[in-house]
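So you can see what is in the structure, the chains are spelled out below.
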Amino acid sequence: MPRPSWDKYFMGVTEQVAGRSTCLRRQTGAVLVKNRRILATGYNGTPAGLRHCDEVGCLREHRSVASGSHHELCRGIHAEQNAVIQAAKHGIAIDGSTVYATHQPCVLCAKILVNAGVVGIVFRDAYPDPLSEEILAEAGIESRCLSEGGSS
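Each value, and the rule that gives it
Residues numbered from 1 in each chain as written. Predicted model: local features only at pLDDT ≥ 70, side-chain atom pairs only at ≥ 80, totals over all residues. Heavy atoms only, no water. Buried < 20%, exposed > 50% of the residue type's maximum accessible area, 1.4 Å probe, protein only. Helix = DSSP H or I, 4+ residues; strand = E, 2+ residues; numbered from the N terminus. Contact = heavy atoms within 4.5 Å. Core = buried A, V, L, I, M, F, W, Y, C linked by side-chain atoms within 4.5 Å. Polar contact = N/O pair within 3.5 Å; in protein donor to acceptor, adjacent residues only side chain to side chain. Axes fitted to C-alpha atoms, helices over the stretch in contact; angles between N-to-C directions. Parallel < 35°, antiparallel > 145°, perpendicular 65-115°, else oblique. Left-handed = near helix turned anticlockwise from the far one by under 90°. Nonpolar A, V, L, I, M, F, W, Y, C, P; charged D, E, K, R; others polar.

*Asks:* It is not clear to me how helix H4 (residues 79-89) should be interpreted in this structure. Could you clarify?
*Replies:* For H4, the complete set of buried residues consists of Ala79, Glu80, Gln81, Asn82, Ala83, Val84 and Ala87. Where the residues of H4 are buried, they touch strand E1 (29-34), strand E2 (37-43), strand E3 (98-103) and helix H5 (107-116). Glycine 91 sits one or two positions beyond H4 and adopts a positive phi of about 70 degrees.

Here you go:
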């Protein structure tokens, strides 16, 4: 079996992290990496200590909130946000890191990643958000979709 590229390796870890999600709509994962070392991980779900959506139901579904809108109407926190929070909570500097994510970041996550000093984003699935793309481009953050062929 051929050895996976670094991109494929980190995306594989990201997909494993997403498996911890308790979201009823979409399981997402994020891994912050610097110098080929994993710094922090995150998946989408409710804040620590709160009941999970798979226990109490989906607020967004209950209120018929369309995907990609009204991010604040959700019990959960996005995977990228949780990865940044975990790094901060444990005193891990992420300035200059790259985030591997199962999905392209929304505008809220894009702004957080810019201020956290993330310099690159590699994602598996597109989640087009024009404002997110505009902010990342203006900040000079490279964002790319990992193709089937992958890279090293």
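*Asks:* Teacher, can you tell me more about the nonpolar core here?
*Replies:* Soluble globular proteins tend to bury their nonpolar side chains together. Ranked by size, the top nonpolar core spans 17 residues in total, and within it Leu32, Val84, Ile94, Val99, Leu113, Val118 and Ile121 carry the most contacts. Elements with a contribution of two residues or more to this core: E1, H4, H5 and strand E4 (120-125). It is H4 that contributes the most residues to this core, 4 residues altogether. Residues Phe10, Met11, Val31 and Leu146 belong to the second largest nonpolar core, which totals 8 residues.

*Asks:* Please explain the side chain of aspartate 129 as it appears in this structure.
*Replies:* Tracing the backbone shows aspartate 129 in the loop between E4 and helix H6 (130-138). Only 3.0 Å separates the side chain of aspartate 129 from the backbone nitrogen of valine 107, close enough to count as a polar contact. Ignoring any residue separated from it by four or fewer positions in sequence, one finds aspartate 129 in contact with Cys106 and Val107.

*Asks:* Where do I start with unusual backbone geometry in this structure?
*Replies:* Keep in mind that most residues, glycine aside, have a negative phi and that most peptide bonds are trans. The phi torsion at arginine 36 lies on the positive side, around 60 degrees, for a residue other than glycine. With respect to the helices and strands, arginine 36 occurs in the loop between E1 and E2. Although it is not a glycine, serine 64 sits at a positive phi angle of roughly 55 degrees. Following the sequence through the fold, serine 64 ends up in the loop between helix H3 (59-62) and H4. Judged by relative accessible area, serine 64 falls into the exposed class, the value being 65%.

*Asks:* Where do I start with the packing of H4 against H5 in this structure?
*Replies:* Packed helices, taken two at a time, are described by the angle between their axes plus the distance between the axes. Look at H4 against H5: their axes get within 9 Å of each other, and the N-to-C directions meet at 30 degrees. The angle between the axes of H4 and H5 places the two elements in the roughly parallel class. By crossing handedness, the relation of H4 to H5 is classed as left-handed. Contacts between H4 and H5 involve Glu80, Gln81 and Val84 from the first element and Leu108, Cys109, Ile112, Leu113 and Ala116 from the second. Per-class residue counts for the contact of H4 with H5 are 6 nonpolar, 1 polar and 1 charged.

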